Amino acid sequence: MTRACRGSLPSNEVMSKDRDKRQLPSASQPPAANEAGVSAGLSGQLIVPAEMLARAGIWPGHEVVIEATSNGLRIAPDSLRKVHIEVTSHCNLDCLMCVRHSWQEPLGSMPLARFERFVDGLATETGPRAAVAFSGFGEPLVHPEWQEMMRLARRRGHPVELITNGLLLDAAAARTLVDVGVGQITVSVDGGDDEAYMRMRGVPAAGALAAVHHLLEARRYTRQRIAVGIAALATRSTVTSLPALLDWATDLRLDFVSIGNVVPHTEEMAAETLWERASWVSAFHQTSWRPQLRVGRFDMEDATLPLAAALAERGLTYPSPSLDEARWRNRCRFAHEGMCAVSWEGRVSPCLSLLHSHAEFINNQARRVHEHVAGHVDDRRLTEIWRDPAFRAFRERVRTFDFPACFHCGGCPLTETNREDCYNNPAPVCGECLWAQNIVLCP
């Protein structure tokens, strides 16, 4: 487990002999230097060149997080780097796995004026602009003003990303996305054949597949770097179709393919999950598995297939605990990587899972996940909400991840909601978070 502390980097804190070096607090160490020019001073301060801090995204005035890990110190900015914005909770589909099957919230769309306040609240005096990811639990392209919203974010200098089901992404929309300068586009394609896709989405796959082709065609005529990829959910009913999806993505030379697990919002979807053993394994430290395996790279060919199969079988999950260093375990990407989420109503939450109250079925038990609101973009700038002491304390608590191993216990009355746990942590508690165990992939 890592232990983290926070500090800030004042704009005027520089070494008197070298104004290109800034100081960060650290544990006391004997004076030392490495080839990168970092040194530990006699006063117990870590001296890091300014250019190295800039490459790490750390600028004067930034809060920094220093973690002592088994591999040494990790220094990272506690700055806001990406916001997942839910411009609408409306959708043009009614998918089997959708969170809407477990909530009773009114649907709505963000007014353009609120979106502009949101973007204005992202401005900072130093450092790169935070990315604006159009995602959430609605289909962004349903919003009638999505083009203007994206253009507004780009005019303010923010990188823009999009996650879409693709059914509204025709050739004209693809050209608009390219013209606006969207840097990454993910199309959800939940299945490698029509039967699998229809089971999850309720419509044929042709629209989503066509959207990918429209994007690839549109980006042929620009020098701008645009990453195009797909995301798929693996379930018992669809997993056998996914190799065909990988083949299709390989033939098109897509930039990325993301294959994650489903969050079961209903008992029907709970029966479709493929991560029961994977969640149990997450409670164990990787060094407890015997034997530990270290394997060098080798060619995948007929001669090595038996070895590859044997390696894959050395455990209850994939990757096998005997091969995996488990760096993914108990790690919240939102807290570690400077991300948060904003609903169409303007509510700011620490992550997508806490954006709306909803039901989950985990460990054979119904669980109510209550939303957690850190602030509202109508009331304060998002950068101010991000630096709020309560929000900062929450992120520090999640980075440390001192929560009970709820998946190993198998469920108890305390896990019926995310409001309390047996460690007496304040709400919300994250011991049973699928996202933090890399079972459900953060976008």
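Below or above, wherever it landed, is the structure these notes cover. Since the structure is predicted, the reported quantities are computational estimates derived from the model, not experimental observations.

Observations regarding the overall build of the chain
Piece 1. Counting its secondary structure elements, the chain contains 14 helices and 17 strands.
Piece 2. By the compact-globule yardstick of 22 Å for 443 residues, the chain fits well, its C-alpha radius of gyration being 23 Å.
Piece 3. Taken over the C-alpha atoms alone, the chain extends approximately 65 × 55 × 50 Å along its principal axes.
Piece 4. Considering only contacts within the chain whose residues lie at least 6 apart along the sequence, 68% involve residues at least 24 apart.
Piece 5. With the model as given, the accessible surface of the chain reaches about 21,400 Å², and the carbon-plus-sulfur share is 51%.
Piece 6. Charged side chains of the chain number 47 positive and 52 negative; the gap between the two group centres comes to 7 Å.

A short note on the pattern of salt bridges
Between side chains of opposite charge, pairing is possible as soon as their charged atoms come close.
Piece 1. Enumeration over the complete set of coordinates arrives at 20 salt bridges.
Piece 2. Here lysine 82 and glutamate 161 are joined by a salt bridge, their closest N and O atoms 3.0 Å apart. Pair noted here: lysine 82 is in strand E7 (residues 82-85) and glutamate 161 is in strand E9 (residues 160-164), with a separation of 79 residues, a long-range link.
Piece 3. Overall, lysine 82 belongs to the buried group, its relative accessible area being 14%.
Piece 4. Glutamate 161 gets classed as buried once you look at its relative accessible area, which sits at 17%.
Piece 5. Of the charged contacts in the structure, one is a salt bridge between arginine 219 and aspartate 255, with a shortest N-O distance of 2.8 Å. Here arginine 219 is found in helix H6 (residues 206-219), whereas its partner aspartate 255 is found in the loop between helix H7 (242-252) and strand E12 (256-261), with 36 residues between them in sequence.

Looking at helix H3 (residues 146-155)
Piece 1. Looking at H3, one finds that the buried residues are Trp146, Met149, Met150, Leu152 and Ala153. Summarising the axial view, the buried residues of H3 lie within an arc of 160°, below the 170-degree limit, and thus occupy one face.
Piece 2. Trailing H3 by a residue or two, glycine 157 shows a phi angle of about 90°, which is positive.

Remarks on the nonpolar core
Piece 1. Within the largest apolar cluster, 84 residues are counted, with the highest numbers of intra-cluster contacts made by Phe115, Phe118, Phe134 and Leu382.
Piece 2. Those residues in contact with phenylalanine 115, other than ones at most four positions away along the chain, are Ile85, Val87, Met110, Phe134, Met149, Leu152 and Ala153.
Piece 3. If you look at the next biggest cluster of nonpolar residues, it comprises nine residues, including Leu93, Met97, Trp103 and Val262.

Points about unusual backbone geometry
Piece 1. The amide bond that connects tyrosine 318 to the next residue, proline 319, takes the cis arrangement and shows omega of -5°.
Piece 2. With respect to the helices, strands and loops of the structure, proline 319 is situated in the loop between helix H10 (305-312) and helix H11 (333-336).
Piece 3. Alanine 427 connects to proline 428 through a cis peptide bond whose omega is -5°.
Piece 4. Backbone geometry places asparagine 330, a non-glycine residue, at a positive phi of 55°.
Piece 5. Mapped onto the secondary structure, asparagine 330 falls in the loop between H10 and H11.
Piece 6. In this structure, asparagine 363 is a non-glycine residue whose phi angle is positive, near 55°.

Thoughts on the pairing of strand E16 (residues 365-369)
Piece 1. Here E16 shows a buried face lined by Gln365, Arg367 and Val369 and an unburied face lined by Ala366 and Arg368.
Piece 2. Taken together, the five bridges between strand E15 (residues 358-362) and E16 define a ladder with antiparallel strand orientation. In the strand pairing of E16, alanine 359 is matched with arginine 368.
Piece 3. Count of turn residues in the E15/E16 antiparallel hairpin: two residues, of which asparagine 363 carries a positive phi of about 55°.

Criteria and thresholds
- Residues numbered from 1 in each chain as written.
- Predicted model: local features only at pLDDT ≥ 70, side-chain atom pairs only at ≥ 80, totals over all residues.
- Heavy atoms only, no water.
- Helix = DSSP H or I, 4+ residues; strand = E, 2+ residues; numbered from the N terminus.
- Rg over C-alpha atoms; globule rule 2.2 N^0.38 Å.
- Contact = heavy atoms within 4.5 Å.
- Areas by Shrake-Rupley, 256 points an atom, 1.4 Å probe, with all protein chains shown as cover.
- Lys, Arg positive; Asp, Glu negative; His and termini not counted.
- Charge placed at Lys NZ, Arg CZ, Asp CG, Glu CD.
- Salt bridge = Lys/Arg side-chain N within 4 Å of Asp/Glu carboxyl O.
- Buried < 20%, exposed > 50% of the residue type's maximum accessible area, 1.4 Å probe, protein only.
- Arc of directions from axis to C-beta.
- Core = buried A, V, L, I, M, F, W, Y, C linked by side-chain atoms within 4.5 Å.
- Pairing = 2+ DSSP bridges.

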